[in-house]
Amino acid sequence: EQKGPPPPPPLTLQSRTAATEIVTTANKTCPLPSKTIRPPIDVDITWLFQHISSEDFNCNFQIDRNNQNCFTPRRNACIDEAMKYFSDMSTWCDEVCAYFLKGAAWNVDSAFRRNQSHNATKEKGEAERRATSLESINAGSVFVPVLPLFEDPSSTAFRTGQGNGISDKNEQNGASVTPLLPINDVRLFLNEQCRTLDEKIGEIVAKFPPADSKTKLITSAEASIILLTCHSAIITQYYMDSIQSIEAVIGDFLKKAIGLNLTEHNFLELVQLHEKNIFKRIYRPKPFCRAIRRPKRFPDGSIIIAAEIDEKIASVGRSGWSKRAENEEGKDGIERFRKIVTTLVREIQWTHESKSDAFFGMEMPIDELTTVQLSGKCYLHGWISHQFEGQCDHRYQLIAEARRFSSFLLVTGSITASQIFEPNDAIIVQNNDEVILPLILGTFPLSDEFDDLISSLSPEQQRFARSARDAQTESCLFCVGFVEIRPQIEELLGLPANSLTKEIKLTERLISLFVDYQIPPDMLAYDGPEDSSPKVKISLVKENVVHALDIAKDSLAAGVDVFRDDDSDTVISADLTDNISREQLPRRPSMIRQSSLDNYSRRPSQYSLFPDMICDQGTTSIQTEN
């Protein structure tokens, strides 16, 4: 049921009806369909009439420079609306031209002309077709009154009205100089447009049949529509190009003022420079680069988060920039650089929730029976991404590097509660390994934006959208943890602190037995007197390691490998006590929950599974950093 007054009837500007008959002798089938209904070709011209004065029919468009979102003559809401209108108008003109040139009207006209020139000579029919073809219409000779013009207001020609004639003639009467064209000059441009347009229409009327013909399908009326739509499309393109050229001129002025072409990389450096002046030293953003080390010890490795930048020309010595490790150019000759992201950092100070609770830190559940307690330092990082509007995001990567004869465990996951670290993936990084994990980042709309997006939904849909948003935001806090393996082995086997620092070969064998063979730690742990010297304890552990390897050797000699998986056919022929290597031992997959790292890359060692040497059934305390 319609409410309110009925809409006014449409205003018809031009219409025409014609009919013709096509006779075919060689083919009994109809060359064209008996009936064709074309969809309407519409365009909204409300914006145009809103900016035309109803009194004198002059244009009253202007940019609201007081708006806080007005940045440049191009980047503002008023011009955005104008650009949208002209873009829609250009599309509409192209569709109208395509309808006449390649649509139903063209098909009917071609069939009619073939039938009409059947009894005529070939040369005469071809000449007639070319003379009255819609494709011969060209609007290039029609004057376009749209062009960005720049003139120095201080010049004599500008003030006296000489030269090109574009001046403010009202200045002689005491009026101020304005960069806008006087109305008389605008009328001169419009008169020239009308004159050239009338000449072109006169040529069309002379070539094509009259518009009031009832037997001709293509007349001067259709040809004039083609001309006007082509000319309108050119005007819209000139207008959009003029706006872009004004923006380009402003960009050239800025380039000359600062002495360089401002790119997104220069913008990041400029932001970092201002951050140094705005923030105090303790609150200043710092590069996300952490060394994995114990107090007063050499680092075992490092982890960073960096953006991979592709540049054709880049200066290597800039702050925070570094070339990739392989120092190679891409396939297209583009050098790739890494930019370490800067984050706001705050160290979280753990407090006891109650006097009875002796642990404070993060808890990392491994499975239903095992929970690891992380009692090391914890840091909260906040990162703000600065980029140009419309710029594509860079490729961000988490890069972990281990030094020679060093190893650590890298764990990634999310924070699901105040003190719960839910691990998703883990990997052992050791012996000059470089693990590169691509970070797939996403953005969430702000609460105000989210409320605006769901405001038009039903109450049930709004409740569902809020529930889905809550589920997404609960686990969106990315967490990275690392655990040094050597101190945990020392704690697990009952060895003094730092006793395995120089026992490189023993440490690698222990890691291999724990990771590849799932050897229970009780078989290798020291179980002698507590007051024994570190050398005695290490010697006993070495004997336990040799004993475990002897068991593997004897089992292979007997035809049974108690440590080998059923699917493994590897045979050990080396001396298990002295010359055994990690690659020679048959491997057994870890029993811990495995998470796939689909898009990781590692150099040079192969991927290691999450070890359970620190995951004994129960609760284990680990010193680590998050």
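Below is a summary of the structure that appears in this document. Model, not experiment: these values are computed from the prediction. (Residues numbered from 1 in each chain as written. Predicted model: local features only at pLDDT ≥ 70, side-chain atom pairs only at ≥ 80, totals over all residues. Heavy atoms only, no water.)

**Quick look at the overall build of the protein**
Definition in use: Secondary structure elements follow DSSP: runs of H or I of four or more residues count as helices, runs of E of two or more count as strands, with numbering from the N terminus. A simple rule labels every residue: compare its accessible area, found with a 1.4 Å probe on the protein chains alone, to the largest value its type can have, and call it buried under 20%, exposed over 50%, or partly exposed in between.
Each helix and strand in the protein was counted, giving 14 helices and 16 strands. Counting the 626 residues in the protein, one finds 34% classified as buried.

**Notes on the pattern of salt bridges**
Note the threshold: One speaks of a salt bridge when a side-chain nitrogen belonging to Lys or Arg is within 4 Å of a carboxyl oxygen belonging to Asp or Glu.
All told, the structure shown has 8 salt bridges when counted by the stated rule. For R16, the salt bridge identified is with E222, shortest N-O distance 3.0 Å. Of this pair, R16 sits in the segment before α1 (46–50) while E222 sits in helix α7 (residues 220–258), and the two are 206 residues apart along the sequence. For K200, the salt bridge goes to E203, with nearest N and O atoms at 3.8 Å.

**A short note on a negative patch on the surface**
Quick note on the threshold: Each patch is built from residues that are more than 30% exposed by relative accessible area and take part in no salt bridge. Like charges join if they lie within 9 Å; nonpolar side chains (Val, Leu, Ile, Met, Phe, Trp, Tyr) join within 5 Å. Accessibility throughout is a Shrake-Rupley quantity obtained with a 1.4 Å probe, and a residue counts as covered only by protein chains that appear here. Charge counting treats Lys and Arg as positive and Asp and Glu as negative, with His and both chain ends excluded. Charged groups are reduced to one reference atom each: NZ for lysine, CZ for arginine, CG for aspartic acid, CD for glutamic acid.
Together, D448, E449, D451 and D452 line one region of the surface with negative charge. Inspection of the secondary structure puts D451 in helix α9 (residues 447–453). Looking at D451, the relative accessible area reads 37%, which means it is partly exposed.

**Some thoughts on the packing of helix α6 (residues 183–207) against α7**
Inclusion rule: Angles here are taken between N-to-C directions and fall from 0 to 180 degrees, while the axes themselves are lines fitted to C-alpha atoms, restricted in helices to the stretch in contact. Oblique is the label for any angle not under 35 degrees, not over 145, and not in the 65 to 115 range, which are roughly parallel, roughly antiparallel and roughly perpendicular in turn. The handedness criterion is simple: a crossing whose near helix is rotated anticlockwise from the far helix by less than a right angle is left-handed, and one whose near helix is rotated clockwise is right-handed. The contact definition used throughout considers only heavy atoms, calling two residues in contact when any of these lie within 4.5 Å. Classification convention: Asp, Glu, Lys, Arg as charged; Ala, Val, Leu, Ile, Met, Phe, Trp, Tyr, Cys, Pro as nonpolar; all other residues, Gly among them, as polar.
Running from N to C, α6 and α7 point in directions that differ by 150°, and their axes come no closer than 9 Å. Taken together, the axes of α6 and α7 lie roughly antiparallel to each other. Of the two elements, α6 crosses α7, and the hand of that crossing is right-handed. Across the interface between the two elements, Q193, L197, K200, I201, I204 and V205 of α6 pack against S220, A223, S224, L227, L228, H231 and I235 of α7. Residues of the contact of α6 with α7, tallied by class, amount to 8 nonpolar, 4 polar and 1 charged.

**Here we look at α7**
Residues separated by three or four positions in an α-helix point in the same direction, a consequence of the helix having 3.6 residues per turn. What counts, and what does not: Expected span of a helix, by definition, is 1.5 Å for each gap between consecutive residues, and there is one gap fewer than residues.
Taking 1.5 Å per residue as the helical rise, α7 with its 39 residues ought to reach 57 Å, and the 57 Å between its terminal C-alpha atoms agrees with that figure. Just downstream of α7 lies G259, where phi reads positive at about 85°.

**Observations regarding the state of the cysteines**
This is how the line gets drawn: Count a disulfide wherever a pair of cysteine sulfur atoms falls within 2.5 Å.
Within this structure, the stated rule accounts for 0 disulfides. Cysteine C70 shares no disulfide, and the gap to the nearest cysteine sulfur, in C78, comes to 7.3 Å. Residue classification places C70 among the buried residues on the basis of a relative accessible area of 18%. With no disulfide of its own, C479 lies 6.5 Å from the sulfur of C378, the closest cysteine sulfur.

**Remarks on the side chain of S224**
We count it as follows: Pairs of N or O atoms within 3.5 Å make up the polar contacts considered here, provided that, within protein, one atom can donate a hydrogen while the other can accept it, and that residues adjacent in sequence are counted only when both atoms are side-chain atoms.
Counting through the fold element by element, S224 comes out in helix α7. A distance of 2.7 Å separates the side chain of S224 from the backbone oxygen of S220, its partner in a polar contact. Dropping the residues within four chain positions of it, S224 is found in contact with I201 and I204.

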